[in-house]
Number of protein chains: 4
Amino acid sequence: MTLSTQTKGVYAIAPTPFLPDGALDETSVGRVTEFYAEAGVDGITILGIMGEAQKLEPEESLEIVRRVIASAGGLPIVVGVSAPGFAAMRRLAQQAMSEGAAGVMIAPPAAMRTDDQIAGYFSQAVAAVGEDVPFVLQDHPQVTTVQMAPKVVRRIIEENPSCVMLKHEDWPGLEKITALRNWQGEGSMRPISILCGNGALFLDFEMRRGADGAMTGYAFPEMLIDVVRHSAAGDVDAAHDIFDAHLPLLRYEQQPVVGLAIRKHVLQRRGVIAHETLRRPGAGLSSAARAEIDYLLRRVARSDRRAAL
Amino acid sequence: MTLSTQTKGVYAIAPTPFLPDGALDETSVGRVTEFYAEAGVDGITILGIMGEAQKLEPEESLEIVRRVIASAGGLPIVVGVSAPGFAAMRRLAQQAMSEGAAGVMIAPPAAMRTDDQIAGYFSQAVAAVGEDVPFVLQDHPQVTTVQMAPKVVRRIIEENPSCVMLKHEDWPGLEKITALRNWQGEGSMRPISILCGNGALFLDFEMRRGADGAMTGYAFPEMLIDVVRHSAAGDVDAAHDIFDAHLPLLRYEQQPVVGLAIRKHVLQRRGVIAHETLRRPGAGLSSAARAEIDYLLRRVARSDRRAAL
Amino acid sequence: MTLSTQTKGVYAIAPTPFLPDGALDETSVGRVTEFYAEAGVDGITILGIMGEAQKLEPEESLEIVRRVIASAGGLPIVVGVSAPGFAAMRRLAQQAMSEGAAGVMIAPPAAMRTDDQIAGYFSQAVAAVGEDVPFVLQDHPQVTTVQMAPKVVRRIIEENPSCVMLKHEDWPGLEKITALRNWQGEGSMRPISILCGNGALFLDFEMRRGADGAMTGYAFPEMLIDVVRHSAAGDVDAAHDIFDAHLPLLRYEQQPVVGLAIRKHVLQRRGVIAHETLRRPGAGLSSAARAEIDYLLRRVARSDRRAAL
Amino acid sequence: MTLSTQTKGVYAIAPTPFLPDGALDETSVGRVTEFYAEAGVDGITILGIMGEAQKLEPEESLEIVRRVIASAGGLPIVVGVSAPGFAAMRRLAQQAMSEGAAGVMIAPPAAMRTDDQIAGYFSQAVAAVGEDVPFVLQDHPQVTTVQMAPKVVRRIIEENPSCVMLKHEDWPGLEKITALRNWQGEGSMRPISILCGNGALFLDFEMRRGADGAMTGYAFPEMLIDVVRHSAAGDVDAAHDIFDAHLPLLRYEQQPVVGLAIRKHVLQRRGVIAHETLRRPGAGLSSAARAEIDYLLRRVARSDRRAAL
């Protein structure tokens, strides 16, 4: 089961669970995978920025790949392979594919500035991971500081047939989706899957602009699934209704620096992971923050019982 | 009427209205001022980042100061005086105060990094504008890239008696408010007014953490006033209710790059300014974006009739 | 006398002299201009980054333009007009040209990232200053953080006929000069003047790669003139000999943060300006640094008597 | 043999040699180590930024540690262990020390801004690598973007007894050396070794300000040794004479982006490494650049025969 330009739906960005001492929580790796599968996601993405991938050792990364694929019941798994050097990228990509991953995800390094630098980087990356490996182009300038004009995204797509999906998390990015879909419509760009990130803060409108779904880690993937389904069915108001009900919490989870701690806390509350621990260096939550999350959960639960923990 | 450490409530960040050709729209300057006064704000802040201050010529800035003060019916006016050099900062500050401004607002330049650099900069700035001029310390790392630890904020407050207010827009910043209020409570920092910015995206919880109000430019200042009043009255749920009703639109207005265009569009729809024009260089809105704003306004209007335009 | 694509030689980047209290030192403005003219430069550039332009008020900038033109004895004067907004850029450009400037210099603002953003910015800037005003494209990524690929430089040149010169201070930039000259040679880019900046740290080789001269502010413009003349005459070794004799001091003057203070100190030692004062905020020199400059001057003077102060 | 606060002299920053296909050139690893030992350096630093450490896989890093220690004839070896996560840092540090390394070197990650963030990071790093492991504090803001005020350097030294050395490559940094040595002199900071980096561009004056030597990778370590010895012997002029003779080449090697390619090219010309290959992504040299290096070598050789290749 590989990733394709036809991929739609919700791909959960999975956190990496740790024990209180910072060791990998292998049991929770399986549990979080099963949770997503039961929630009805269409796939899972691991070892991304929110997966604390840069804090892992290579053996741990590989162990996570194996355990997630083993527990996913056949769901397609996308593996983040961004790395400062192509040697590490190649190795993880090849290991992941041979373990059964559906594809890999690549973000450009921070130093890339000009259009040619960015496009050139992806050509080199594709040569490194292999031209037969489907890859997701991650466009996330808030974190990478790399700004890709729509035509650079198109150029990467055109120059690399193995690029099957855009993980869209430029912000603001609604016009970027529209630009790409317009090019597709007029035939000046081949079709591609677009899944949206950025904590889903604009998912309601991203779907209306032509996105195929979400690839993000909000602690209630069920809501993301609802929004995508309602949108795909043309029931715009219903999509906004469920989205708006969660927005106060979703916005709270989107805070820079502490966002991942909040997400892990909610997942721990939901019983999905055993501990909310972030591997060091990483921020923890104050008791005030925990109380605020409680309050938000109770408010969300008024219209979505799944948030009644 | 000057700014003080006791200042509370909502200070609207006013946009600068332009004619379609980019000239200053002097008529709308008065109208937008009257609009805020009628809406019930406690003060107005002009010539901030959202006021496109960096695109104005000095004479225009002074003209805006005069017109806003003339139309404000006695409301306190805070004038942003951040500038690359102290000469321009001093001149605008002294002109503004002699015209009747209540105080000035200063953000650090982007190059400041270490604690000493930041604190040293504010000492120099205070020497430039005058030690008798009340000033607002603007803490806005998302834009300035300058990160001030809570203890640096405290140091600036302690070293500069004319610092009467923190414009808090660190993000995330809830713990920063708590830290400052704790120091105040235990007597290790003198009391100070804290008004929150960042488009009000966290105003609901910022009030609970001890903020005195908001200083931001959301196109419905009425909502900000409601949240601040309900919070001050201890009616937490009511504060969240009205906040959540607006959150989908408020979040939409918070988009980087196009946020100001959205805000001006809504204010133009409300009849507050004649044109939604941004002075160049500045982004405009697509028809899709306008339709999305319409849709959001209609949804907000279901629970807040003031959004029925 | 206007700037053209044929301009060659040395344009001195003039510092702005201040009195010890930070006021503009109007007398020294004239003196520094006469000094450059007597040294034999081909033109003078004012109000650049090294001219502390961002610390000046508009009236001061205009006063400097007038005084320099009045004292320059007909030498072409280039005026830096980079500004956060086009209103200020237009005004200064039009005032400067009407006072008799030879052209203006424009650097892109820091936010520009993609090729299209950069090229689009220059189209807007040209519309603002006027299509009939010759301009220098300043390519200085170390300061602006804007990286222009050679093809973006070419695009700006092709799209804007009023672009007559590149102020080249990309670092490293030798290959960029070669790329542009190659395009010129094969006819895929119109000819343009290239003067080099970056404190002249690579002027020896920049001339060999095809530069037309230097536009920088090293405190001994006589040396820059020698290098350019020897290079133009094909006497490569002589160019390197005089360059290498100054390199220890030139390198010392190139230090970030304190570089301008060093340059002003040497110019004050040379009797060109009355005070080495930088307008605040700005760094001063320690006594150790002054002693080091003395030592370097004495060493340079062994092979170039002009450095015997 | 471990690193201490008394360490003096020249530590060569060793490049990592690769075969033309990008594989580790294990033979050259030994040869480059022997070259440095024969040149008379006091130690070798490996796996730093100039060692392309971020492009290596963990097994390769460990292999390099082993081979260098085996070939170094007892010279102390410092191993760069900077990493995005503490897990990888701990592992490499412990492996390196158990293989016989003299100490490790740690630079802060780019996100660190405030004084407390930076100091806190080093406390966490020391906990990770072990309090008994001597470490070098790398202060290199040009690359890391982290600016440490002198008092933050002092704080890290005071809070972490295992900090034995500062790798000084702030730029400009002469006043920083003076400030630290003054504190040491007055007893407000314990003594520490200071070795200077930044390609040695200011080594002549850094020694006069109180540095203990150099830790950098200029392709002629013999010159660095001469400068340090002459300086230590009080023969200031002799130090400058040999430094100035190399400065044109040293400056050429200091170019951003292509600097390492130049250094590897010279080392290959010297027979120290078999290939000048950089692992991808990495820049190569044009034929013009090679000719310029040839020219510079010939000029240096006029006063230093060791440069006659």
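Predicted model only: the values in this text are computed from it and were never measured.

Calculation rules
Residues numbered from 1 in each chain as written. Chains lettered and ligands numbered in written order. Predicted model: local features only at pLDDT ≥ 70, side-chain atom pairs only at ≥ 80, totals over all residues. Heavy atoms only, no water. Pairing = 2+ DSSP bridges. Helix = DSSP H or I, 4+ residues; strand = E, 2+ residues; numbered from the N terminus. Axes fitted to C-alpha atoms, helices over the stretch in contact; angles between N-to-C directions. Least-squares fit on C-alpha atoms with pLDDT ≥ 70 in both. Contact = heavy atoms within 4.5 Å. Salt bridge = Lys/Arg side-chain N within 4 Å of Asp/Glu carboxyl O. Buried < 20%, exposed > 50% of the residue type's maximum accessible area, 1.4 Å probe, protein only. Buried area = accessible area lost by both parts, 1.4 Å probe. Polar contact = N/O pair within 3.5 Å; in protein donor to acceptor, adjacent residues only side chain to side chain. Nonpolar A, V, L, I, M, F, W, Y, C, P; charged D, E, K, R; others polar. UniProt positions renumbered as here; feature names shortened; annotations may be inferred. Phe/Tyr/Trp six-rings, centres within 6.5 Å; stacked < 30°, edge-to-face > 60°. Lys NZ or Arg CZ within 6 Å of the ring centre and 35° of its normal. Parallel < 35°, antiparallel > 145°, perpendicular 65-115°, else oblique. Left-handed = near helix turned anticlockwise from the far one by under 90°. Right-handed = clockwise from strand over helix to strand, strands pointing away.

## Looking at the sheet that holds strand 5 (residues 135–139) of chain B
All names here are of chain B.
Okay, so step 1: Judged by pairing direction, the barrel is parallel, and its 8 strands sit side by side in the order 1-2-3-4-5-6-7-8 before closing back on the first. Geometrically, the sheet is characterised by an average inter-axis angle of 25° between neighbouring strands, direction not taken into account.
Okay, so step 2: Summarising the sheet, strand 1 (residues 9–13) and strand 2 (residues 43–46) pair through 3 bridges and their orientation is parallel. If you follow Tyr 11 over to strand 2, its bridge partner there is Gly 43.

## So, the relation of the copies chain D and chain C
Okay, so step 1: Superposition record for chain D on chain C: RMSD 0.0 Å, screw rotation 180°, translation along axis 0.0 Å. Such a turn and shift between the copies fits a two-fold axis. Closest to the rotation axis within chain D is the C-alpha of D:Leu247, separated from it by 3.8 Å.
Okay, so step 2: A symmetric contact is evident, with 100% of the interface residues of chain D recurring at the interface of chain C.

## A word on the pattern of salt bridges
Residues and elements named next belong to chain A.
Okay, so step 1: For the structure on display, the rule yields 111 salt bridges over all chains.
Okay, so step 2: The salt bridge partner of Glu 175 is Arg 209, with a shortest N-O separation of 3.2 Å. One end of the pair, Glu 175, is in helix 7 (residues 174–185); the other, Arg 209, is in helix 8 (residues 203–209), and 34 residues separate them in sequence.
Okay, so step 3: Residue Glu 175 is classed as partly exposed on the basis of its relative accessible area, which comes to 37%.
Okay, so step 4: For Arg 209, a relative accessible area of 8% corresponds to the buried category.

## A look at the interface of chain D and chain C
Okay, so step 1: At the junction of the two partners, chain D supplies 33 residues and chain C supplies 33 residues.
Okay, so step 2: Around 2900 Å² of area is buried between chain D and chain C when both sides are counted, 60% of it from carbon and sulfur atoms.
Okay, so step 3: Of all residues in chain D, D:Phe205, D:Arg251 and D:Tyr295 give up the largest surface area on contact with chain C, accounting jointly for 22% of the area buried on that side.
Okay, so step 4: Run the count over chain D and chain C and you get 9 salt bridges.
Okay, so step 5: Across the pair C:Arg299 and D:Asp241 runs a salt bridge whose closest N-O atoms are separated by 2.7 Å.
Okay, so step 6: Our count for the chain D to chain C interface comes out at 14 residue pairs in polar contact (both at pLDDT 80 or more).
Okay, so step 7: When residues in the side of chain D that touches chain C are grouped by element, the largest group, 10 residues, is from helix 10 (residues 236–253) of chain D.
Okay, so step 8: When grouped by side-chain class, the residues that make up the side of chain D that touches chain C number 18 nonpolar, 4 polar and 11 charged.

## A short note on the environment of B:Val146
All names here are of chain B.
Okay, so step 1: Tracing the chain through its elements places Val 146 in the loop between helix 5 (141–144) and helix 6 (150–159).
Okay, so step 2: With 74 residues separating them in the primary sequence, Val 146 and Phe 220 have C-alpha atoms 29 Å apart.
Okay, so step 3: Excluding anything up to four places from it in sequence, Val 146 contacts Pro 108, Pro 109, Ala 110, Met 112, Arg 113, Ile 118, Asp 139 and Pro 141.

## Details of the environment of C:Arg299
Okay, so step 1: Here C:Arg299 is to be found in helix 12 (residues 287–303).
Okay, so step 2: Its relative accessible area of 8% is what places C:Arg299 among the buried residues.
Okay, so step 3: Not counting residues within four places of it along the chain, the set of residues in contact with C:Arg299 comprises D:Asp237, D:His240, D:Asp241 and D:Asp244.
Okay, so step 4: Among the polar contacts made by the side chain of C:Arg299, one reaches the side chain of D:Asp244 at a distance of 3.1 Å.

## Side note on the UniProt feature "binding site: pyruvate" (unreviewed entry) in chain A
Residue and element names in this part refer to chain A.
Okay, so step 1: The UniProt record marks Met 215 with the feature "binding site: pyruvate" (unreviewed entry), using the residue numbering of this structure.
Okay, so step 2: Its location among the elements puts Met 215 in strand 8 (residues 213–216).
Okay, so step 3: Leave out the neighbours within four places in its chain, and Met 215 touches Tyr 11, Ile 13, Thr 45, Met 105, Met 165, Lys 167, Leu 195, Cys 196 and Gly 197.

## Overview of the packing of aromatic side chains
The relation between two aromatic rings is expressed through the spacing of the ring centres and the mutual angle of the planes.
Okay, so step 1: This model, assessed by the stated rule, comprises 36 aromatic pairs over all chains.
Okay, so step 2: With 5.3 Å between their ring centres and 55° between their planes, B:Phe35 and B:Tyr36 make a pair best called tilted.
Okay, so step 3: Among the aromatic residues, those joined into a ring-pair cluster are A:Trp171, A:Phe202, A:Phe205, A:Tyr252, A:Tyr295, B:Trp171, B:Phe202, B:Phe205 and B:Tyr252.
Okay, so step 4: Just above the ring of A:Trp183 sits the side chain of A:Arg154; from NZ or CZ to the centre is 3.9 Å.
Okay, so step 5: Residue placement shows C:Arg208 over the ring face of D:Tyr295; its charged tip is 4.4 Å from the ring centre.

## Here's the deal with the relation of the copies chain B and chain A
Okay, so step 1: With an RMSD of 0.0 Å, chain B superimposes on chain A once it is rotated by 180° and translated 0.0 Å along the axis.
Okay, so step 2: Most of the interface of chain B is mirrored in chain A: 100% of its interface residues are interface residues there too.

## Looking at the interface of chain B and chain A
Okay, so step 1: Contact with chain B, which involves 33 residues of that partner, is made by 33 residues of chain A.
Okay, so step 2: Interface of chain B and chain A: buried area, both sides summed, is about 2800 Å²; carbon and sulfur atoms make up 60% of it.
Okay, so step 3: The largest contributions to the chain B side of the interface with chain A come from B:Phe205, B:Arg251 and B:Tyr295, which together make up 22% of the buried area.
Okay, so step 4: At the surface where chain B touches chain A, the tally comes to 10 salt bridges.
Okay, so step 5: Remark: the boundary between chain B and chain A carries 14 residue pairs in polar contact (both at pLDDT 80 or more).
Okay, so step 6: In terms of residue class, the side of chain B that touches chain A is made up of 18 nonpolar, 4 polar and 11 charged.

## Remarks on the side chain of C:Gln255
Okay, so step 1: Take C:Gln255: it is sitting in the loop between helix 10 (236–253) and helix 11 (259–269).
Okay, so step 2: Here C:Gln255 falls in the buried class, since its relative accessible area comes to 5%.
Okay, so step 3: Among all residues touching C:Gln255, those that are not within four sequence positions of it are C:Ile262, D:Trp171, D:Pro172, D:Leu174 and D:Phe202.

## Points about helix 11 (residues 259–269) of chain A
Residue and element names in this part refer to chain A.
Okay, so step 1: Buried residues dominate helix 11, accounting for 9 of its 11 residues.
Okay, so step 2: Turning to helix 11, its buried residues are Gly 259, Leu 260, Ala 261, Ile 262, Arg 263, Lys 264, His 265, Val 266 and Leu 267.
Okay, so step 3: Packing partners of the buried residues in helix 11 comprise helix 1 (26–39), strand 8, helix 10 (236–253) and helix 12 (287–301).
Okay, so step 4: One or two residues past the end of helix 11 sits Gly 271, with phi positive at roughly 80°.

## What about the packing of helix 11 of chain C against helix 12 of chain C?
Each pair of packed helices gets described by two things: the angle between the helix axes and the distance between those axes.
Residue and element names in this part refer to chain C.
Okay, so step 1: At a minimum axis separation of 11 Å, helix 11 and helix 12 run at an interaxial angle of 60°. Between helix 11 and helix 12, the angle falls in the class oblique. Once helix 11 is placed against helix 12, the crossing between them reads as right-handed. Here Ile 262, His 265, Val 266 and Arg 269 of helix 11 lie close against helix 12, whose contacting residues are Arg 290, Ile 293, Asp 294 and Leu 297.

## Some thoughts on the pairing of strand 1 (residues 9–13) of chain A
A regular strand carries its side chains on alternate faces of the sheet.
All names here are of chain A.
Okay, so step 1: With respect to burial, strand 1 is a largely interior element, 5 of its 5 residues being buried.
Okay, so step 2: Pairing analysis gives 4 bridges linking strand 1 to strand 8, with the strands arranged parallel. Each residue of the ladder has a partner; that of Gly 9, found in strand 8, is Gly 213.
Okay, so step 3: Handedness of the crossover is the feature at issue here: the chain leaves strand 1, passes through helix 1, returns alongside strand 2 (residues 43–46), and the resulting connection is right-handed.

## Examining the sheet that holds strand 2 of chain A
All names here are of chain A.
Okay, so step 1: Reading around the circumference, 1-2-3-4-5-6-7-8 is the order of the 8 strands in this closed barrel, with parallel pairing throughout. Mean inter-strand twist for the sheet, computed between neighbouring axes without regard to direction, equals 25°.
Okay, so step 2: Inspection of the sheet shows strand 4 (residues 103–106) paired to strand 5 (residues 135–139) by 3 bridges, in the parallel sense. Looking across to strand 5, one finds that Val 104 is bridged to Phe 135.
Okay, so step 3: The strands touched by helix 4 (residues 115–129) are strand 4 and strand 5; relative to strand 4, the strand with the most contacts, the crossing angle is about 150°.

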